Amino acid sequence: MALLPILQFPDPKLKLVAKPVEIFGADLEQICYDMLETMYESHGVGLAATQVDIQQRIFVMDLSDNKSQQKILINPVITQSSGEITWEEGCLSFPGIYAKVKRHSKITVEYCNLIGDKQTLEANELMAVCIQHEIDHLNGITFFDHLSSLKQSLIRRKLKKQYERNL
Ligand code: K1U
Ligand code: ZN
């Protein structure tokens, strides 16, 4: 297994729209296990392929605190959504930045597992937020795009200072 570098905002590759997975097999399995390892190493609860410069519709997720609920979602599609929730989100592509985003509180997502079988998952609260955040990444959208231009400017300024400090 390998750790994959995570693209950092404002990398333009974060805006690319990922393509559906068509071939299920050993290469796909390797990508998914590398993504899980990268997510755990970065202390995230989700990671989309777009964030590691792979333009395929894949994300991984584990909301447990002991690596016991790992999920791999391939070609995910939200088929039902309802309710509203505001969550203070983080993102592995925006280190140290947190901001409130409003999303659906309950969703149903259909996806394929590693061997291409169709699955359905109902999610609410944090899991629903995480799934919407990751599917946004696959569509080239980050949580930053949900914020007002004032909040976006403040974040740009904070990240610029952070990068300058790390030079
Ligand atoms: O996609 C990413 O950048 C990962 C991101 C996904 C996410 C999950 C839930 C809400 C918003 C965004 C994170 O893993 S955020 C950071 C995190 O580690 C965390 C979030 C909630 C609870 C516990 C940890
Ligand atoms: Zn993110």
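One can find the structure itself at the top, above this paragraph.
No experiment lies behind these values; they were computed from the predicted model shown.

The next thing to look at is the packing of aromatic side chains. Per the counting criterion, the structure on display carries four aromatic pairs. Between phenylalanine 9 and phenylalanine 144, the aromatic rings sit 4.6 Å apart at their centres with planes inclined by 45°, giving tilted as the arrangement. Of this pair, phenylalanine 9 sits in the segment before helix 1 (26-41) while phenylalanine 144 sits in the loop between helix 2 (125-138) and helix 3 (149-165), and the two are 135 residues apart along the sequence. By the burial criterion, phenylalanine 9 is buried, and phenylalanine 144 matches it. For the pair phenylalanine 94 and phenylalanine 144, a centre-to-centre distance of 5.8 Å together with 25° between the ring planes defines the contact as stacked. Of the two residues, phenylalanine 94 is situated in the loop between strand 4 (85-89) and strand 5 (99-103) and phenylalanine 144 in the loop between helix 2 and helix 3; the sequence distance between them amounts to 50 residues. Considered together, phenylalanine 94 and phenylalanine 144 belong to a single accessibility category, that of buried residues. For the cation-ring pair, lysine 67 lies above tyrosine 40, with the distance from its terminal atom to the ring centre recorded as 4.9 Å.

Our focus in this paragraph is the site of ligand 1. In the vicinity of ligand 1 there are 15 residues, among which His43, Val45, Gln51, Leu92 and Glu134 approach most closely. Glutamine 51 is positioned such that a nitrogen or oxygen atom in its side chain is 3.0 Å from an oxygen atom of ligand 1. Within the side chain of glutamate 134, a nitrogen or oxygen atom sits 2.6 Å from an oxygen atom of ligand 1. Expressed as a share of its isolated accessible area of 510 Å², the protein-covered part of ligand 1 is 80%. Of the pockets mapped on this structure, ligand 1 occupies the largest pocket. Per-element tally for the shell around ligand 1: the top contributor is helix 2, with six residues.

This part covers the pattern of salt bridges. Throughout the structure, instances matching the rule amount to six salt bridges. Among the salt bridges present, the one from lysine 102 reaches glutamate 84, with a minimum N-O distance of 3.9 Å. Within this pair, whereas lysine 102 is found in strand 5, its partner glutamate 84 is found in the loop between strand 3 (71-82) and strand 4, the two being separated by 18 residues in sequence. For glutamate 84, a relative accessible area of 59% translates into the label exposed. The structure contains a network of salt bridges with shared partners spanning Glu89, Arg103 and Asp136.

Rules used throughout
- Residues numbered from 1 in each chain as written.
- Chains lettered and ligands numbered in written order.
- Predicted model: local features only at pLDDT ≥ 70, side-chain atom pairs only at ≥ 80, totals over all residues.
- Heavy atoms only, no water.
- Phe/Tyr/Trp six-rings, centres within 6.5 Å; stacked < 30°, edge-to-face > 60°.
- Helix = DSSP H or I, 4+ residues; strand = E, 2+ residues; numbered from the N terminus.
- Buried < 20%, exposed > 50% of the residue type's maximum accessible area, 1.4 Å probe, protein only.
- Lys NZ or Arg CZ within 6 Å of the ring centre and 35° of its normal.
- Near = heavy atom within 4 Å.
- Polar contact = N/O pair within 3.5 Å; in protein donor to acceptor, adjacent residues only side chain to side chain.
- Areas by Shrake-Rupley, 256 points an atom, 1.4 Å probe, with all protein chains shown as cover.
- 1 Å grid on protein atoms, 1.4 Å probe; cavity = no way out; pocket = protein on both sides within 12 Å on 5 of 7 lines; lining within 4 Å.
- Sits in = over half its atoms within 2 Å of the grid points.
- Salt bridge = Lys/Arg side-chain N within 4 Å of Asp/Glu carboxyl O.

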